[in-house]
Every structure is written in C-alpha cells, then in structure tokens.
Amino acid sequence: MQNNPHTTLITATAPVSPDTHGGRTKCLQRLVRLDLPVPRTVGLSFEAVHNIARGDMPDMPLLLSPFEAGELLCVRPSSEDPDWGGPSAILNIGMNEARFDDFAKRLGKDVAASLYARFVHSYSIQVARLDPDVFDEIGAEGEASLSAALRAYEEETDEPFPQDPAAQLAEVLRSMARAWDGTSARLLRQAKGAPADAGLGLVVQSMALGFGKGECGSGVLQLIDRETGLEQLTGRYLSQSQGRDALESGTKALFLERDARGPSLEELAPEAFASLIEYARLMRQKLREEMQVEFVIEDGRVHLLDGVRVSRTSRAAVRSAVRLAQDGIISRQEALMRVPPSALNELLHRQVDRSVASDVMGRGVAASPGAATGRIVFSAADAQACAAREEACVLVRRETSPEDIRGMHAANAILTERGGMTSHAAVIGRGIGLPCVVGATEMRFQLRKKLLTSPDGRVFKEGDIITIDGTHGEVLAGAVSMQEATLDDAFQTLLTWSDAERDIGIRANADTPADAQTAKMFQAQGIGLCRTEHMFFEDDRLTVMREMIFAENSEDRRAALERLLPVQRADFTELFRTMAGMPVCIRLLDPPLHEFLPSDHAGHRALAEALDIPLADVTRRVEAMGEYNPMLGLRGVRLGITVPEIYDMQVRAIFEAAIDVSKEGMPIVPEIMIPLVSAKREVELVKMRVDIVAAAVKAETGAEFEYQLGVMVETPRAALRAEDIAENVSFLSFGTNDLTQMTYGLSRDDAGRFMTEYVRQGVFEEDPFHTLDVDGVGELLILGAKRGRAARPALTLSMCGEHGGNTESIAFCRAAGFDYVSCSPFRVPVARLAAAQLAILDHLQ
Ligand code: PEP
Ligand code: MG
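Residues numbered from 1 in each chain as written. Chains lettered and ligands numbered in written order. Predicted model: local features only at pLDDT ≥ 70, side-chain atom pairs only at ≥ 80, totals over all residues. Heavy atoms only, no water.

Asks: Can you walk me through the environment of T157 in this structure?
Replies: Examined against the element boundaries, T157 turns out to sit in helix 8 (residues 142–157). Taking the C-alpha atoms as reference points, T157 and A128, separated by 29 residues in sequence, lie 8.1 Å from one another. A polar atom in the side chain of T157 sits 2.7 Å from the backbone oxygen of Y153. (Helix = DSSP H or I, 4+ residues; strand = E, 2+ residues; numbered from the N terminus. Polar contact = N/O pair within 3.5 Å; in protein donor to acceptor, adjacent residues only side chain to side chain.)

Structure (structure tokens):
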C-alpha cells in the first residue's frame with residue numbers, strides 16, 4: 001500500500017505532500033515522524049478522491065487492509081489549504097448491529113448506542129442526504145434515540161441501515177468526494193482564495209473512541225488565544241465523548257489547566273495533561289506553526305487525532321508570526337512572508353467594541369475591515385455634500401460603480417445591497433481603508449424614497465445614524481462604542497523587521513498636518529507628495545485666494561499673496577515640524593484657478609459682496625476664466641509661468657518655514673516639486689525664479705539653507721523628454737494618475753461611465769486608475785527613469801499616484817530602480833510589508 005501514492009498508509013516515509021494529499025494528511029505524517037501517538041491512518045490523494053467522485057472506487061480491501069477487522073473508522077477531509085474547508089468528518093464508520101452487541105458487552109449499552117447513533121446521524125444527513133430536521137428531533141443519546149434514528153432512516157430510504165463496514169466506508173468516501181465537487185462548496189472555497197480546480201484529499205483513520213473504562217474522553221487544545229495571538233492555553237475536554245463534543249455549549253466540559261471556575265483536566269488526569277502540553281509544544285516547535293490539537297484520552301493514554309493551524313484573527317496571525325520568530329522557530333523573513341500585507345488592514349482600523357451590546361439591524365458580507373458611524377446618504381453627491389459639512393456619513397447604494405468613487409472617498413463607510421468580496425465597493429473599500437458591508441440582501445433598499453428597512457421591519461431614513469462593522473459584516477443602528485486600531489508591539493515589530501528587509505523607500509502623500517501625523521505614526525520615511533491646493537480650500541483662505549485670482553494687476557495680486565504668505569508658512573512649518581527632519585516634498589499649486597471660484601449664482605453674489613465689486617464683474621470674470629478642457633488647460637507649471645507671483649509666494653513660504661524649523665534643531669532640506677511639466681524650458685523658468693527667491697530669503701535672513709527642485713512627471717512628453725528635464729532637477733516623481741489619464745486620453749473624472757463595461761468586455765483587464773497599466777503607462781515610467789538617469793545618474797526617482805501603495809506597483813517600481821513610492825498614510829504599513837516580501841522573494845530566487 002505504501003507504494004501506491006493514491007491510497008497510502010501514513011508512515012514517516014509515505015509519498016504524501018500538501019499539494020497531492022492536502023494539508024491535514026501532510027500534518028499527520030509530520031506527527032508520525034515526531035513519534036507522536038497518532039492512530040493508524042490511510043491517506044487518499046486528490047486524484048483518488050477525484051476518481052471516487054466520478055464513480056471509480058479505490059481497491060477497498062486494500063484500503064482496509066491496514067486496519068484490524070471490526071475496528072471503527074473515521075474519515076476527514078484534507079484540502080491543500082485548511083482554510084478552504086471541506087465536508088464534515090464522519091465518525092464511527094463500521095458501527096452495525098454486530099458491533100453494537102460487542103460494544104454493549106464491553107462498555108455498556110449506553111456507550112454502544114451513542115457510538116452507533118452518532119454514525120447513523122452523520123450517515124443519514126451527509127451520505128443519504130435525509131432531512132436534518134428529522135434527526136435533530138430524535139437526539140443522540142441512549143438506546144431509544146438509536147432505535148428512532150434507525151427507524152427514521154428506514155422510513156425515509158425504504159432500506160435498512162447498511163451493515164457492511166466496507167460498503168459504509170465506500171458510501172462515505174463517495175459522498176464526501178461529491179460534496180467537494182458541488183457548486184456551493186466550490187463557490188465557498190473560491191471566495192476563500194482557492195482555485196476553481198482545488199483538490200480534496202481524504203484521511204481514513206482508526207477511531208480512538210473516547211469512551212470506556214478509566215479516564216476516557218476527547219478535547220481540543222491550543223497554546224494561544226485566537227483573538228490576540230497571546231500565549232494562553234485554550235481549549236476544553238469532556239469525559240466520555242468524541243469529536244468536538246467538548247466545544248459544544250451546555251456540556252460539562254472541563255477546563256484544561258487548573259481553573260478557579262471549575263474542574264480541570266490537569267486535576268483529573270495530570271499525566272495525560274502533561275503529555276498533551278509536551279506534545280503541543282513539540283508540534284509548535286517542529287511544525288513551526290501555532291497548532292490546534294484534537295485529542296482523545298483512552299484509559300489515561302493520549303491519542304492525537306489531528307493538528308490544524310489555529311484559525312485566528314489577523315491580529316493573532318501577526319503576533320503568532322512574530323512570536324515564532326522571536327522564539328527562534330522560524331526566521332524573521334519567514335515571519336514576514338506569513339502575513340499577507342492586506343491582513344494589516346484589519347489592525348489598522350477602528351473596530352466595534354464587541355464587549356458592549358449593540359443593535360444589529362442587518363447583515364451582509366464583511367467586505368472591508370473597520371467600523372464607522374455616520375448619517376445615511378443614498379447618493380455619492382450627498383456623501384460629498386456631507387463631507388463638505390464635515391459630517392460623517394454612510395453611503396448606502398444598491399451597488400457602487402466607478403462613478404461613485406468621489407462619494408466613496410467622502411463617505412466614512414459603505415453599505416450595498418448587492419455584491420460580494422470582489423465587487424466594486426469591496427475592492428475600493430479595502431483599497432482606501434473604508435469599512436464596507438456588501439450583499440446585505442435581507443435589508444430593503446429604496447433609493448428613490450431614501451429608505452432602508454431592516455429585516456425586522458424597522459425603517460431608517462436619510463440622515464439617520466447607523467454604524468457599519470466591516471470586519472463582521474454587520475449593520476448596527478445608531479452609534480456604538482469603538483475600539484481604536486490595535487497597533488500593538490507585534491505589529492510594530494513586524495514592520496520594523498520589514499524595514500530591515502526592504503530595499504525601496506515608502507513615503508506618504510499628506511496634505512495636512514493631520515495626514516502627516518498619521519504618516520509619521522506609520523513610520524513613513526517622509527512625505528512624497530503634499531498637494532498644496534488643499535490648503536487654500538479652507539474658509540479663511542479661500543476669500544483671500546479669490547481676491548488674488550480677481551486681482552486686476554500684479555501689484556494687487558502681490559498684496560493678496562502677501563496675506564496668504566504667513567498662512568502658507570504656518571502650514572509648512574507645522575508639516576516640517578511634524579516630520580521632524582524627514583524629507584517633505586511640496587508640490588507647487590496645480591489646479592486651474594477657476595476651481596477656487598464659486599460655480600453658482602448664490603456663490604457669485606457672496607463673492608461680489610466679499611470683494612465689494614459688482615455681481616456682473618464676478619460673473620463675467622468667472623465666465624472668462626472657464627476653459628473647455630480645464631485639466632489640459634491653464635494649470636500646473638503653466639500657471640507658474642504665466643502668473644509667477646503665486647509660485648514665488650509658495651517658495652518663499654517653504655524657505656522661511658524651513659529656516660524656522662531648522663533653527664529648532666531639525667535641519668530641513670525642502671523638496672519643491674513642479675507639476676504638469678512637459679518641456680525643459682518650463683523647468684528652467686521656474687528654477688530661475690526659485691533661485692532668485694532663495695537668494696532673496698538668504699539675504700534678508702542671513703540664514704543658509706539647501707533645497708531640492710524636482711518635477712512631477714505626469715505628461716507623456718515629460719517622460720519622453722526626461723533626459724533634458726533632468727538636467728535642471730534632482731528628482732522626478734511620477735504622477736501616475738495624470739500620466740494614466742494622458743497616456744490613454746482617458747478622463748480621470750469621466751472614465752467611470754464606461755469603465756465597468758470596458759472591464760467586462762475585456763478591453764481593459766483592470767481599471768488602469770486602480771491597477772497600474774504596466775504595458776503602456778509602465779513603459780513611459782521605464783523610459784522616463786532610464787532617460788532621466790542617463791542625464792543625471794544620482795537622480796531620485798519615485799511614484800506618487802494612487803497606484804503607489806499597491807503591491808504590484810511597488811514590484812514594478814523596485815524593478816525599475818526607483819528610490820521610493822508614496823501612498824496614502826493608511827497604506828504605508830501595507831506597503832512596508834509588501835516591499836519587504838518582494839525583497840525577500842528576490843533573495844530566495
Ligand atoms: C497624479 O497626477 O498622479 C498626482 C499624484 O497628482 P494629482 O492626483 O493631484 O493630479
Ligand atoms: Mg496630477
């Protein structure tokens with residue numbers, strides 16, 4: 001049998017591997033190799049199980065040959081990854097009338113009936129597919145239940161309960177193999193990341209009964225707490241029991257360790273307890289994983305039936321990986337490779353405090369972790385309006401589409417009626433760290449009437465407060481108590497180890513001091529992009545900004561800019577201070593000026609009043625500034641060249657702030673970035689003025705300072721002409737948002753209208769604004785990088801578009817020799833870990 005890889009006795013040398021026989025089979029072999037007391041087990045390969053599903057049974061006498069005649073057996077699933085699940089285990093195969101009599105003589109009728117009834121139950125429901133309700137009513141204790149179960153089986157099937165153990169086993173194998181091939185099982189495991197053709201192995205194991213004389217029973221044990229990953233002996237044991245009975249509520253299960261709350265296995269069977277702990281520790285050490293052990297005690301002797309990786313939260317997964325490395329069981333690199341970067345998202349967000357009761361009004365798919373409270377809004381536009389009023393809101397949609405993107409950014413959480421883990425709302429929610437519940441189909445969504453009805457009939461209207469728990473897929477009425485993100489020591493340690501491995505820098509895009517604080521908390525190595533225009537949208541500045549825009553001549557413009565100067569200087573001072581000497585890259589004003597002007601009549605009137613000029617003047621000027629295609633019009637460096645006073649003011653504010661903060665002992669070398677460049681001459685002109693302002697500030701203050709000038713490469717021409725552009729600058733930062741827009745000739749703001757269709761019809765594999773188009777935009781990046789470095793080998797290269805935090809973009813930038821990527825502050829930890837994993841993988845190859 002050992003030479004047949006498809007039906008093999010599990011010995012130390014049996015030919016089994018996780019990808020042919022599944023994780024459980026391989027784990028059992030490891031336990032056998034450790035000489036641990038594992039009952040005799042035969043493993044069936046994926047291929048054997050696949051054949052069984054098609055009706056091609058293995059050689060049953062051969063399969064049964066390692067077991068003693070009359071021995072009871074169990075069958076368990078063994079998928080490649082334990083998380084992919086599988087059909088439930090079936091215990092006590094081989095029970096029949098004859099065995100019942102034997103057991104009744106040896107162990108008493110009650111035990112014999114329990115063993116038999118458990119098998120009849122499982123067989124009836126899982127193999128014969130009879131109505132579970134019938135058997136639930138019967139119960140599983142005692143002879144009367146057994147007779148009732150056997151009778152129910154006969155009535156439902158018109159056949160007596162099968163008595164031949166080999167036939168029973170064959171049917172069990174067949175039903176488990178077929179269950180794996182069923183549509184719902186396939187969809188379920190695909191949702192957990194399994195490939196469509198994932199295989200299932202099965203193990204046939206001789207039963208350690210858990211019933212009998214002396215101390216007998218069953219239980220489970222693990223060495224950590226599954227929520228936190230902290231060291232904590234966890235589990236239960238139940239005398240005279242099987243399977244996972246000890247875990248079922250309402251039983252008289254014992255604690256494992258001595259416990260003030262009640263009796264424990266440690267007191268009842270100290271030797272068995274001590275062996276269990278020893279085995280569990282050995283398993284952790286040798287299997288290099290936190291394992292849950294399923295065990296049976298028979299007359300005081302321990303049997304290990306199974307070991308599976310402890311199913312745990314992301315928080316516990318991080319701590320487990322770190323502890324295993326700290327204990328020298330795995331390397332730091334392996335610890336880093338064990339945590340999927342996206343798992344950090346769960347630790348990064350606020351969560352509902354589950355210890356406090358809450359009012360669950362609906363449920364759906366837990367699509368993006370974290371929790372947030374806000375007022376219900378039913379459209380993206382309303383979400384934006386809420387954000388403008390600084391009110392938290394929950395965007396409620398039937399499903400979201402790219403047109404909702406801005407609203408999603410404005411919302412604090414998303415709830416959709418339709419969708420699953422990979423639907424638009426789910427993917428975007430996870431990407432931007434927004435709590436999200438999708439597929440809440442039991443709730444009634446009436447978007448026109450602006451009503452949301454819970455399954456119990458309660459009606460919630462626009463403006464009502466609800467909470468989205470994206471970690472658990474729950475919708476809660478009202479506000480609830482929250483737990484802040486758990487950036488515990490294990491999380492920090494893992495990221496510190498990441499930093500030691502990775503070979504590409506990670507900075508954050510941060511526009512405000514609050515963003516910068518977050519960036520610093522997540523240990524970004526500086527700010528890669530500060531979009532200064534956001535600073536002008538605040539109320540106290542907006543009017544001055546508008547005054548500046550409306551100035552008739554250079555003098556008036558200067559006067560308005562002089563009022564803006566101290567405000568900008570204060571912004572930059574705070575930013576530099578927060579980042580404490582780390583690099584800060586400030587982009588000079590980018591958007592077209594009319595973005596700062598009101599667009600409706602009421603706004604025009606208010607502006608006329610504020611500036612004390614006739615309404616007609618305001619309307620005329622606003623109209624005159626309008627452009628057919630503003631994103632390709634007077635913006636970015638074009639503004640810097642045609643209205644140079646604005647950049648002069650910004651550059652002065654940067655230098656003065658740098659001097660102030662440097663005096664506090666934090667030497668600042670500001671990085672000044674010019675947006676939307678497409679020609680060398682643009683850079684020369686701006687550089688000339690920047691140098692003049694620098695010289696003036698130095699002369700006025702007597703202070704010396706350095707600065708770096710760079711260009712944001714976001715037009716294709718800038719990438720193509722990087723060689724001459726680089727002559728005048730020390731860095732190039734690729735703005736892949738605009739670069740994607742201009743490479744495709746595809747409006748960032750309007751693409752949503754047809755993006756879904758384009759992806760559906762396979763025109764684009766993915767939305768290129770979310771996933772970097774490595775073929776087209778990527779080629780421009782590579783060209784730009786090569787040409788830039790040809791002119792200036794020490795040129796710093798980076799990416800600062802929204803793509804910056806994605807693993808695949810980081811991989812691309814590393815390969816192209818970039819110095820750093822810059823992404824939103826919340827994605828910094830994910831990017832740090834992803835970058836470390838890429839470096840480790842490279843070294844392994
Ligand atoms: C870009 O264009 O990629 C960019 C980062 O700038 P913005 O999104 O502000 O245009
Ligand atoms: Mg841009």
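Asks: What should I look at first to understand the sheet that holds strand 20 (residues 465–469) in this one?
Replies: Adjacent strands of a sheet pair through backbone hydrogen bonds, lying either parallel or antiparallel. Taken in spatial order, the eight strands line up as 11-21-20-13-14-15-16-12 in an open sheet, and their pairing is mixed. Since the sheet does not close on itself, it has two edges, and those belong to strand 11 (360–363) and strand 12 (365–368), each with one partner. Within this sheet the neighbouring strands show an average axis-to-axis angle of 30°, counted without direction. Two elements, strand 11 and strand 21 (residues 474–477), share three bridges in a ladder whose sense is antiparallel. (Pairing = 2+ DSSP bridges. Axes fitted to C-alpha atoms, helices over the stretch in contact; angles between N-to-C directions.)

Asks: What exactly am I supposed to notice about the packing of helix 5 (residues 97–107) against helix 6 (residues 109–127) here?
Replies: The angle between the axes and the distance between the axes are what describe a pair of packed helices. Two numbers describe how helix 5 lies on helix 6: the axes approach to 7 Å, and their chain directions differ by 145°. Judged by the twist between their axes, the crossing of helix 5 over helix 6 is right-handed. Between helix 5, through E97, F100, F103, A104 and L107, and helix 6, the contact on the second element is made entirely by K109, V111, A112, A113, L115 and Y116. Grouping the constituent residues of the contact of helix 5 with helix 6 by class yields nine nonpolar, no polar and two charged. (Left-handed = near helix turned anticlockwise from the far one by under 90°. Contact = heavy atoms within 4.5 Å. Nonpolar A, V, L, I, M, F, W, Y, C, P; charged D, E, K, R; others polar.)

Asks: What's the story with the domain arrangement of the protein chain in this structure? I'm lost.
Replies: How big an interface is tends to be reported as the loss of accessible area on association of its parts. Here the protein chain is partitioned into domain 1 (7–206), domain 2 (217–312), domain 3 (354–483) and domain 4 (502–529 + 583–589 + 650–844). For domain 2 and domain 3, the distance between their C-alpha centres works out to 40 Å. (Domains from an automatic or database assignment.)

Asks: Looking at this structure, I do not really get the pattern of salt bridges. What am I missing?
Replies: Any two side chains of opposite charge can pair, so long as their charged atoms come close to each other. Within the structure shown, the criterion is met by 56 salt bridges. In this structure, R563 and E547 form a salt bridge, with 2.7 Å as the shortest nitrogen-oxygen distance. Residue R563 is located in helix 22 (residues 554–579), and its partner E547 is located in helix 21 (residues 539–550); the two are separated by 16 residues in the primary sequence. Classification of R563 as partly exposed rests on a relative accessible area of 45%. Accessibility expressed as a relative area gives 27% for E547, which makes it partly exposed. (Salt bridge = Lys/Arg side-chain N within 4 Å of Asp/Glu carboxyl O. Buried < 20%, exposed > 50% of the residue type's maximum accessible area, 1.4 Å probe, protein only.)

Asks: Sorry if this is basic, but what is going on with helix 27 (residues 680–701) here?
Replies: The α-helix winds at 3.6 residues per turn, so residues separated by three or four positions along the chain end up facing the same way. The terminal C-alpha atoms of helix 27, which comprises 22 residues, lie 31 Å apart, in line with the 32 Å expected from a rise of 1.5 Å per residue. Listed as buried for helix 27 are E682, V683, V686, V690, V693, A694 and V697. Each buried residue of helix 27 sits inside an arc of 105° when the element is viewed along its axis, so together they form one side. Residues of helix 27 that are exposed and point over 90 degrees away from its buried face: I692 and A699. A positive phi of about 70° marks G702, the residue just after helix 27. (Expected span 1.5 Å × (residues − 1). Arc of directions from axis to C-beta.)

Asks: Please explain the site of ligand 1 as it appears in this structure.
Replies: Around ligand 1, the surrounding shell consists of L529, R531, R587, M712, E714, G735, T736, N737, D738, R748, C800 and G801. In this structure, an oxygen atom belonging to ligand 1 sits 2.7 Å away from a side-chain N or O atom of R531. Between ligand 1 and the protein, one listed contact pairs an oxygen atom with a backbone N or O atom of N737 at 2.7 Å. For ligand 1, whose free accessible area comes to 280 Å², the fraction covered by protein is 94%. Going through the elements one at a time, strand 24 (527–531) and helix 30 (736–744) are the ones with two or more residues in the shell around ligand 1. Looking at which element gives the most residues to the shell around ligand 1, the answer is helix 30, with three residues. Split by residue class, the shell around ligand 1 holds three nonpolar, four polar and five charged. (Near = heavy atom within 4 Å. Areas by Shrake-Rupley, 256 points an atom, 1.4 Å probe, with all protein chains shown as cover.)

Asks: I keep staring at helix 24 (residues 615–625) and nothing clicks. Help me out?
Replies: Buried within helix 24 are the following residues: V618, R621 and V622. Buried residues of helix 24 fall within an arc of 100° about the axis and therefore sit on the same side. Exposed residues lying more than 90 degrees from the buried face of helix 24 are A616, E623 and A624.

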